[in-house]
Amino acid sequence: MKAPLTKTFGHDVKAMAAAAPDAGVFYVCTPNNPTGTLTPHADIEWLVANKPKGAIVLVDEAYIHFAGVPSALDLVRRGTT
């Protein structure tokens, strides 16, 4: 399933979850390619907390080092994924 980007071309994690309530994987690319938009850490935390049981939140942070923002790795370290 696809969920439209926000008006600022970012991921809308709530729309993603609503569009695919039985998804096995939610893919979030931050910074997004090609838009360069960032998904706020709080949005990724929301998706992890509200995803279907057994689903995976896959966060692609290939260019995070250019963005100067925190990684979502802390969610893995805390065991919230």
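So, a few notes on the structure that sits alongside this text. In this numbering scheme, every chain counts its residues from 1 along its sequence in written order. Only residues with pLDDT of at least 70 get local features here, since the model is predicted, and only at 80 or more are side-chain atom pairs given and counted; chain-wide, interface and lining totals rely on the full set of residues. The side-chain values count all of the structure's non-hydrogen atoms but skip hydrogen atoms and water molecules.

Examining the nonpolar core
This is how it is decided: The set of buried Ala, Val, Leu, Ile, Met, Phe, Trp, Tyr and Cys residues whose side-chain atoms join them within 4.5 Å is what this entry labels a nonpolar core. Relative accessibility thresholds used throughout: buried, under 20% of the residue-type maximum; exposed, over 50%; partly exposed, between the two (1.4 Å probe, protein chains only). Strands are runs of DSSP state E lasting at least 2 residues, helices are runs of H or I lasting at least 4, and numbering of each runs from the N terminus. Contacts are assigned to residue pairs that have any heavy atoms within 4.5 Å of one another.
Core analysis: the biggest nonpolar cluster contains 14 residues, and M16, F26, I44, L47, V48 and L75 have the highest contact counts within it. Where this core is concerned, the elements lending two or more residues are α1 (13-19), β1 (25-29) and α2 (41-50). The residues contacting L47, other than those within four sequence positions of it, are V13, A17, F26, V28 and V57.

Some words on α2
The condition is simple: For this quantity, the arc is that covered by the directions from the helix axis to the C-beta atoms.
Taken together, the buried positions of α2 are occupied by I44, L47 and V48. When α2 is viewed along its axis, its buried side chains cluster within an angular range of 100 degrees and face the same direction. Exposed positions of α2 whose direction lies more than 90 degrees from the buried face are A42 and A49. Contact partners of the buried residues in α2: α1, β1, β2 (56-60) and α4 (73-77).

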